[in-house]
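Here is how the chains run, residue by residue.
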Amino acid sequence: MSPYYGLYVVLGLVFKLAEIVIRVLKVNLLMKSLEARFGNFIIGLNDSRPKESAPKDSVSKTEIDHLAKMVHCWWDKNGPAKMLHTFYQVRVPLVVNGLVETGRIAKGDASKVDSLDGVRILEAGCGGGVLAEDLAQFGAYVVGVDPGIEMIDLAKKHLDTESVDLKDRIEYHTTTVEEHAKKFAGTYDAVVCSEVMEHVDEKESILEACVSCLKPGGSLFITTESQTMLAWFFFIIISEYILRFIPKGTHFYEKFVSADTISSIISKYGCVTHKVHGFFYDRPINTWYFINNQDCNYGLHAVKNK
Ligand SMILES: C[S@@+](CC[C@H](N)C(=O)[O-])C[C@H]1O[C@@H](n2cnc3c(N)ncnc32)[C@H](O)[C@@H]1O
């Protein structure tokens, strides 16, 4: 692995130590009260943008509008969404290996180019369609839903440029996961909700809908950022403020969520976490790896009870 991984490990230890000190001294409470008093005193900690007074579901219009501003460069492989374009390196194996472990895919088929053939997947929060296309390339039938009209328009436009074979295996809808679940409960082999949780305030609502869409024994895959100082440092300070890969205000520490919190929410709806993998992104070589440490971002696989 690259020398950047060594740096990542050292920073991980430094931040872990800082977190322990902060927890012991309850400095995070102090930081939050300072921010409440002095506005955005601590960069990227809280989302101080106006919030809807009574949200009906998990959707925040402010988030959708912010992400919609990136539509023009979503499919630019060197633009702000660059990381998403090589994320298939771990997201597709996360799904394929998870489905092998539940027996939905035969072990011998895992390395085939059409390993996901016949698997019906809901992509909850599909954005411009990067992951939906990656999954369909491996043979899955993918339904992508997203509340962002601009994102779904973009996903449809991009799909139009692809082969008939791919077009036949993807459909997109502008809707919320909660609405979709009302009509399609219990119909999917897998639900993938990737890089969405960090844009959602009402996590329980979207997670309940994701689980509801699964067939008994179906698999839920979630990728998101951990609620740690390390993730705050990499995704906000480095990526948004120092190197400016991603527009400022895309991520907030308060919206990051630990795998334990996700596991505890989905367990209420009959879904049990099976495995959590850590991810490491080596930006200079634009490559993703599975690692044992889940302190920055992770991929969770859970299975709905039969
Ligand atoms: C960073 S993009 C990820 C897109 C896609 N999953 C991927 O990985 O290529 C986040 C997407 O989540 C969508 N989103 C935000 N809040 C959502 C919610 N409550 N329910 C469903 N989708 C949501 C946004 O519109 C946006 O398209």
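Above: the structure in question.
Reading the values: rules and limits
- The numbering scheme is per chain: residues are counted from 1 as the chain's sequence reads.
- Totals for whole chains, interfaces and linings use every residue, but because this is a predicted model, local features are given only for residues with pLDDT of at least 70 and side-chain atom pairs only at 80 or more, for both listing and counting.
- The side-chain figures draw on all heavy atoms in the structure; neither hydrogens nor water molecules are used.
- Secondary structure elements follow DSSP: runs of H or I of four or more residues count as helices, runs of E of two or more count as strands, with numbering from the N terminus.
- Think of it in three bands: with a 1.4 Å probe and only protein chains considered, a residue is buried below 20% of the maximum accessible area for its type, exposed above 50%, and partly exposed in between.
- When checking whether two residues touch, look at their non-hydrogen atoms; a contact exists if any pair is within 4.5 Å.
- Method for areas: the Shrake-Rupley scheme with a 1.4 Å probe, in which residue coverage is limited to the protein chains shown.
- Every case where a carboxyl oxygen of Asp or Glu lies within 4 Å of a side-chain nitrogen of Lys or Arg is listed as a salt bridge.
- Being near a molecule or strand, for a residue, comes down to having at least one heavy atom within 4 Å of it.
- Here a polar contact is recorded for every N or O atom pair within 3.5 Å, except that within protein the pair must consist of a potential hydrogen donor and a potential acceptor, and residues adjacent in sequence are included only if both atoms are side-chain atoms.
- Points on a 1 Å grid, built from protein atoms alone, make a cavity when a 1.4 Å probe fits but cannot get out and make a pocket when they are open with protein on both sides within 12 Å along at least 5 of 7 lines; residues with an atom within 4 Å of a point are the lining residues.
- Criterion for pocket placement: a molecule counts as inside a cavity or pocket if more than half of its atoms are within 2 Å of its grid points.
- Side-chain classes follow a simple rule in which Ala, Val, Leu, Ile, Met, Phe, Trp, Tyr, Cys and Pro form the nonpolar group, Asp, Glu, Lys and Arg form the charged group, and the remainder, Gly included, forms the polar group.

1. A few points about the overall build of the chain
Each helix and strand counted, the chain has twelve helices and eight strands in total. With 306 residues in all, the chain has 53% of them scored as buried. Once local pairs closer than 6 in sequence are excluded, the contacts in the chain between residues at least 24 apart make up 71%. When the accessible surface of the chain is totalled, it reaches about 14300 Å², and 58% of it is carbon and sulfur.

2. Digging into the pattern of salt bridges
Counting across every chain of the model gives ten salt bridges. Of the charged contacts, one joins Asp65 and Lys61 as a salt bridge, the two residues approaching to 2.7 Å between their closest N and O atoms. Linking Asp65 with Lys61, this pair stays in helix α3 (residues 61-68), spanning four residues, or about one helical turn. A salt bridge links Arg104 to Asp189; its shortest N-O distance comes to 3.2 Å. Of this pair, Arg104 sits in the loop between α5 (88-101) and β1 (120-124) while Asp189 is found in strand β4 (residues 188-194), placing the two residues 85 residues apart along the sequence. If you follow the salt bridges from partner to partner, you end up with Glu63, Asp201 and Lys255 in one network.

3. Digging into the site of the ligand
Every one of the 23 residues lining the ligand counts as a neighbour, but Ser58, Arg91, Glu123, Gly125 and Asp146 are closest to it. Contacts to the ligand include Gly127, whose backbone N or O atom sits 3.5 Å from an oxygen atom. Burial of the ligand by the surrounding chains reaches 98%, relative to a free accessible area of 600 Å². According to the grid-proximity analysis, the pocket containing the ligand is the largest cavity. Those elements that place two or more of their residues in the shell around the ligand are α3 and α6 (130-137). Among the residues making up the shell around the ligand, the classes are represented as 14 nonpolar, five polar and four charged.

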